[in-house]
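A look at the structure
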Amino acid sequence: MQAPDEKPEICWSCNENEATEPFAYPGAPLTLVCARCLEWLSMRDELEHVLGQSLELAERGHIDEALERLNAFLEKSRGCDHDRRFARRVAHVRAMILSDAGRYAEAEQACKAWAQLGFTRVSERWEHGFETALALDALGRPREALAALEDALGHRDPYLFSVGEKLVALVELSEKLGQPVDPKWQSLAEAVAEAYGIEMPAHESLAERMLALAEMTREMLPKCARDSENDDRTRKPPQLDE
C-alpha cells in the first residue's frame, strides 16, 4: 500500500500519468504503466501479429482476406492510435500486398492514402517513395516512378537501413529512361559505404558502383546497428510518442 506522503509511480511509457496497470514484455520483469499506455502497448503487439498474418495470407494468394484483416485492425485501434503510427504501418503493408499481387492501380491509390497520413521519419518517406515507384513503373510510368523515388531519397536517412533496393531501383529506372544515374546521388553512395563501414567499389560508372554497393550490403546491417547489437546495456522501453 502506498504511504500517504509517497509520490505515485509514473508510467515509464508516457512519463505523464500514474502507473497503475501491470505490463511486461515476454521474458521481462513485470512493470507498471498507465491505463492509456497499456491499451496502446497491447494494440501495438497485436499489430505485429496482424501484419504477420496478413502477409502470410497474401503469400498464399488470399489477398482480399489479408486486406480485410488490416481493415479490421484499423477499426479496432482507431481510439488509441493517437499519432496514426498504426495507420501508417498498415498503409505500408497494404501497398506492399497490392503491389506484390500485381494490383498496381490499387497500390498507387494505397500509396496516395499513405502519404495523406504524413511521415514522422525519413525512413517512412523512403519506403513510401520506393513502393510508389514500384507501382508507377509497373503501370508504365517510369519517369513518374523515378521522380517519386528521387523525391523520397532527397530526404537523407541517417541510418540507411534497407538502402540496397532503393539504389537498384534508381539504376534500373534511369536505364529504362535511357539516362545515366544523376551525379547528385554520388553523395548517397558515399554515405552508404561509410554507414556500412566498407570501401566504395572502384567501378567506372555511378550506376555500377551503386549496384555493387547494393550487393555488398544486401545481408549486412549498417555499422551503427552492428555496434548496437554488441552493446549489452539494457534497452530502454519504447516511449508512446516515439
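Computed from a predicted structure; not experimentally measured.

1. Structural notes on the environment of Ala189
Here Ala189 is to be found in helix H8 (residues 186-196). Placed 177 residues apart in sequence, Ala189 and Trp12 show a C-alpha to C-alpha distance of 39 Å. Those residues in contact with Ala189 that lie beyond four places of it in its chain are Met200, Leu206, Met210 and Leu213.

2. Looking at the packing of aromatic side chains
How two aromatic rings sit relative to each other is given by the distance of their centres and the angle of their planes. Summed over all chains, the structure comprises 2 aromatic pairs. Summarising the aromatic geometry, the rings of Trp40 and Phe86 are spaced 5.5 Å apart at their centres and angled 25° between planes, so their arrangement reads as stacked. Placement of the pair is Trp40 in helix H1 (residues 35-59) and Phe86 in helix H3 (residues 85-100), with a sequence separation of 46 residues. Of the two residues, Trp40 and Phe86, both sit in the buried class.

3. Here we look at the environment of Gly118
Within the secondary structure, Gly118 sits in the loop between helix H4 (104-116) and helix H5 (122-138). By relative accessible area, Gly118 is classed as partly exposed at 24%. Spatially, the C-alpha atom of Gly118 lies 23 Å from that of Glu46, the residues being 72 residues apart in sequence. Here Gly118 is in contact with Arg88 and Glu124, once residues within four sequence places are set aside.

4. Description of the pattern of salt bridges
With the rule as written, the count across this model stands at 18 salt bridges. A salt bridge links Arg78 to Glu75, with the shortest nitrogen-to-oxygen separation between them at 2.9 Å. With respect to class, Arg78 is no different from Glu75; both count as exposed. In this structure, the salt-bridge partner of Arg85 is Asp83, at a minimum N-O distance of 3.9 Å. Through salt bridges with shared partners, one network takes in Glu108, Lys112, Arg141 and Glu144.

5. Brief notes about the state of the cysteines
According to the stated counting rule, one finds 0 disulfides in the structure shown. Here Cys11 is not cross-linked by a disulfide; its sulfur's nearest cysteine counterpart is in Cys37, at 3.7 Å. For Cys11, a relative accessible area of 0% corresponds to the buried category.

6. Looking at the confidence of the model for the protein
Taken over all residues, the pLDDT of the protein has a mean of 89, while the share at 70 or more is 90%. Within the protein, helix H10 (residues 223-229) has the poorest average pLDDT of any element, 70, and H4 the best, 98. Between residues 232-242, whose pLDDT stays under 50, and residues either more than four places distant or in other chains, the model counts 21 contacts.

7. Points about the nonpolar core
Among the nonpolar cores identified, the biggest contains 34 residues, and Cys11, Val33, Leu70, Phe73, Phe86 and Ile97 are the most heavily contacted of them. With 9 residues, H1 is the single largest residue contributor to this core. If we skip the residues at most four places from it in the chain, Val33 touches Cys11, Trp12, Glu18, Ala19, Thr20, Glu21, Phe23, Leu38 and Leu41. Formed by 30 residues, the second largest nonpolar core is a distinct cluster that contains Ala169, Trp185, Ala189 and Ile198.

Conventions adopted
Residues numbered from 1 in each chain as written. Predicted model: local features only at pLDDT ≥ 70, side-chain atom pairs only at ≥ 80, totals over all residues. Heavy atoms only, no water. Helix = DSSP H or I, 4+ residues; strand = E, 2+ residues; numbered from the N terminus. Contact = heavy atoms within 4.5 Å. Phe/Tyr/Trp six-rings, centres within 6.5 Å; stacked < 30°, edge-to-face > 60°. Buried < 20%, exposed > 50% of the residue type's maximum accessible area, 1.4 Å probe, protein only. Salt bridge = Lys/Arg side-chain N within 4 Å of Asp/Glu carboxyl O. Disulfide = S-S within 2.5 Å. pLDDT = per-residue confidence, 0-100. Core = buried A, V, L, I, M, F, W, Y, C linked by side-chain atoms within 4.5 Å.

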